[in-house]
Amino acid sequence: MLFWLPQVLTPSEREQVVSVLRSGQFQDGKASAGNLGRNQKANEELDFRFPAKAELDRLVMAALARNQTLDAAARPKTITRPVYSRYGVGMHYGMHMDNAVMGRQDRLRIDLSMTIFLSDPDSYEGGELSLETEFGVKTAKLPAGDAVLYPTVYYHEVKPILSGERLAAVLWIQSLVKDPHQRNLLYELSQAADVRNREAPDAPETKQLIKVHMNLLRMWAEN
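Residues numbered from 1 in each chain as written. Predicted model: local features only at pLDDT ≥ 70, side-chain atom pairs only at ≥ 80, totals over all residues. Heavy atoms only, no water.

## Notes on the overall build of the protein chain
Helices and strands together make up the secondary structure of the protein chain, namely 5 helices and 17 strands. Compactness check: the protein chain gives a C-alpha radius of gyration of 18 Å against a globular reference of 17 Å for 223 residues, within 12% of the reference. Seen through its principal axes, the protein chain has C-alpha atoms that stretch 60 × 35 × 35 Å. Classification of the 223 residues of the protein chain by burial places 48% in the buried group. A total of about 11,800 Å² of accessible surface is found on the protein chain, and carbon and sulfur atoms cover 51% of it. In the protein chain, which carries 27 positive and 28 negative side-chain charges, the distance between the mean positions of the two groups comes to 5 Å. (Helix = DSSP H or I, 4+ residues; strand = E, 2+ residues; numbered from the N terminus. Rg over C-alpha atoms; globule rule 2.2 N^0.38 Å. Buried < 20%, exposed > 50% of the residue type's maximum accessible area, 1.4 Å probe, protein only. Areas by Shrake-Rupley, 256 points an atom, 1.4 Å probe, with all protein chains shown as cover. Lys, Arg positive; Asp, Glu negative; His and termini not counted. Charge placed at Lys NZ, Arg CZ, Asp CG, Glu CD.)

Structural data, given as structure tokens:
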């Protein structure tokens, strides 16, 4: 299941991030690519040693922590620090798979990928995120500040930039719930429970629905 998360960053937060990136120190994105994706990658990424990156990370991670849709859809156990990417004219990231495991010391299983769009979609041509899903090819080119969340089981690509510049923040998530079907079921149950709780908080059916949701999460969540 793909999720569109509107306004993960508020307009002021997004402007703050973009302002810092405008003066940032970028390097060839191939430096962070895995062996299988390195030849497909033609972009730039903010140097992790750039002094203001820690400030940006705090801002973005705080925004993610308050996002209830992300919490319900992903059940995050661990979220990586953002990678800030820049695509100029002619740059792209060809069809590839994200790594299944990241990190050298604290190994992280990657269950979900997320792209936060930072540039106004009208400010650049091309640059769509394209995913090969079981339901066909899906594309995303979202408003600035919005994000797309998707299971890290899909081949995907960033289409070539034809004009303008595409800025984005990319993150990866290890979920408390490894199985994507279980995660999706828990998300649907959480949505139904929220609606029912608003409409009839004291109804026996509401209590039963919340109980089933919580106990399934307890059953499926990993340490």
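## Some details on the side chain of Asn67
Turning to its location among the elements, Asn67 is positioned in the loop between helix 2 (53-65) and helix 3 (68-74). A distance of 2.9 Å separates a polar side-chain atom of Asn67 from the backbone nitrogen of Leu70. (Polar contact = N/O pair within 3.5 Å; in protein donor to acceptor, adjacent residues only side chain to side chain.)

## A word on the environment of Leu171
When you line up the elements, Leu171 lands in strand 17 (residues 166-175). Those residues in contact with Leu171 that lie beyond four places of it in its chain are Met61, Leu64, Ile79, Thr80, Arg81, Pro82, Leu112, Ser113, Met114 and Ile116. (Contact = heavy atoms within 4.5 Å.)

## Considering the side chain of Arg183
Here Arg183 lies in helix 4 (residues 180-199). Salt bridges are absent for the buried Arg183, whose nearest opposite-charge side chain, Asp111, sits at 4.7 Å. Not counting residues within four places of it along the chain, the set of residues in contact with Arg183 comprises Ala73, Ala74, Asp111, Leu112, Pro151, Ser175, Val177 and Lys178. (Salt bridge = Lys/Arg side-chain N within 4 Å of Asp/Glu carboxyl O.)

## Here we look at the pattern of salt bridges
In this structure the tally under the stated criterion is 10 salt bridges. Across the pair Arg109 and Glu222 runs a salt bridge, and its minimum N-O distance is 3.5 Å. One end of the pair, Arg109, is in strand 9 (residues 108-109); the other, Glu222, is in the segment after helix 5 (204-220), and 113 residues separate them in sequence. Connected through shared salt-bridge partners, Arg109, Asp111 and Glu222 make up one network.

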